[in-house]
Amino acid sequence: MNKSWSVFSPEVTYILADNQDITHDGMTFLLHQQNKKSPIITATTCNELQEKLKFYPESVVILDYTLFDYSSVYQFLNMRAGAKESSWLLFSDELGEIFLRRILLSDSSISVVMKQDKREEIIKALQTVSAGGVFLCETAKSVLGGDMPKRAEPDKLTATEKLILREIALGKMTKEIAWEKNLSFHTINTHRRNIFRKLGVNNAHEATKYALQAGLVDVLEYYI
């Protein structure tokens, strides 16, 4: 067993709020690899998570915001504010730059690690949060420490793709855009993949940089 896991406490209760089966199982494996006695509670909806927090107020919450039924970022922040004794780790592969800025500037106690980060980085995030600290991956640090990018010329995206890119840059998730545009998740996801391919980017963070450079998002909106 890797000795670096010894910083975990067997008394920590984890609430795993991730509706993606493969990452749910992977995270469970990583936590059990250290101590099988650490309770791991599953929550699949906001209401269920709220109830779990009442029973386990000092728990560590591992949450994929993009796969949960939050109606807005404000609902998330209100739930977090009402669970002050708990520690929160956002664990996702689709967190836009503006979304992250809003979250991290509103609550500096929230930790962030991306699903595409290396295993060692994810383990370090779990260790830090389990010990009561705050962990920020390189993407989150870049969002907080980055300067406004210089303006660039718009790419040859279609009008629809520009609208969707703007929504992504404003911190909205695929499911939120689909609901607001009255389109299917599959349709928005297809547009999203096409946008990333045309721009030569790999994630929402890089796409947001482009949207800011191209003037698709107003500078004032970026700092809200």
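See the structure printed just above.
Reference entry: report on the structure contained in this document. None of the values given here were measured: they were computed from a predicted structure.

## Re the overall build of the chain
Regarding its fold elements, the chain presents 11 helices and five strands. By sequence separation, contacts in the chain at least 24 residues apart represent 69% of the contacts at least 6 residues apart. Just so you have it, the chain exposes about 11400 Å², and 52% of that area is on carbon and sulfur atoms.

## Concerning the packing of aromatic side chains
Taken as a whole and assessed by the stated rule, the structure comprises six aromatic pairs. Aromatic side chains tyrosine 65 and phenylalanine 76 sit 5.7 Å apart centroid to centroid with 75 degrees between the ring planes, which places their arrangement in the edge-to-face category. Pair noted here: tyrosine 65 is in the loop between strand 3 (60–63) and helix 3 (73–81) and phenylalanine 76 is in helix 3, with a separation of 11 residues, a long-range link. Accessibility expressed as a relative area gives 3% for tyrosine 65, which makes it buried.

## Concerning the pairing of strand 5 (residues 111–114)
Residues Ser111 and Val113 of strand 5 are buried on one face, and the alternating residues Val112 and Met114, pointing to the opposite face, are buried as well. As paired elements, strand 4 (residues 87–92) and strand 5 share four bridges and run parallel to each other. From the neighbouring strand, leucine 90 faces strand 5, where its bridge partner is valine 112. Note that the unit made of strand 4, helix 4 (residues 97–106) and strand 5 has a crossover that is right-handed.

## Some points on the pattern of salt bridges
A full pass over the atoms with the stated rule returns eight salt bridges. The partner of glutamate 138 in a salt bridge is lysine 141, and the shortest N-O contact between them spans 3.7 Å. With glutamate 138 and lysine 141 both in helix 6 (residues 138–145), this residue pair falls three residues apart, about one helical turn. Ionic pairing is found between lysine 172 and glutamate 167, a salt bridge with its closest N-O pair at 2.7 Å. Residue glutamate 167 is classed as buried on the basis of its relative accessible area, which comes to 9%. Residues joined in a network through salt bridges with shared partners are Asp18, Asp64 and Lys115.

## Topic: the nonpolar core
Core analysis: the largest hydrophobic core is formed by 48 residues, its most contacted members being Leu49, Ile62, Leu63, Tyr70, Phe76, Trp88 and Leu90. Here this core takes five residues from helix 5 (residues 119–130), the largest share from any one element. Aside from chain neighbours lying at most four places away, what touches leucine 63 is Ala17, Phe68, Tyr70, Phe76, Trp88, Leu89, Leu90 and Phe91. Counting residues in hydrophobic clusters, the runner-up holds 22 residues, among them Ile98, Phe196, Val201 and Ala211.

Each value, and the rule that gives it
- Residues numbered from 1 in each chain as written.
- Predicted model: local features only at pLDDT ≥ 70, side-chain atom pairs only at ≥ 80, totals over all residues.
- Heavy atoms only, no water.
- Helix = DSSP H or I, 4+ residues; strand = E, 2+ residues; numbered from the N terminus.
- Contact = heavy atoms within 4.5 Å.
- Areas by Shrake-Rupley, 256 points an atom, 1.4 Å probe, with all protein chains shown as cover.
- Phe/Tyr/Trp six-rings, centres within 6.5 Å; stacked < 30°, edge-to-face > 60°.
- Buried < 20%, exposed > 50% of the residue type's maximum accessible area, 1.4 Å probe, protein only.
- Pairing = 2+ DSSP bridges.
- Right-handed = clockwise from strand over helix to strand, strands pointing away.
- Salt bridge = Lys/Arg side-chain N within 4 Å of Asp/Glu carboxyl O.
- Core = buried A, V, L, I, M, F, W, Y, C linked by side-chain atoms within 4.5 Å.

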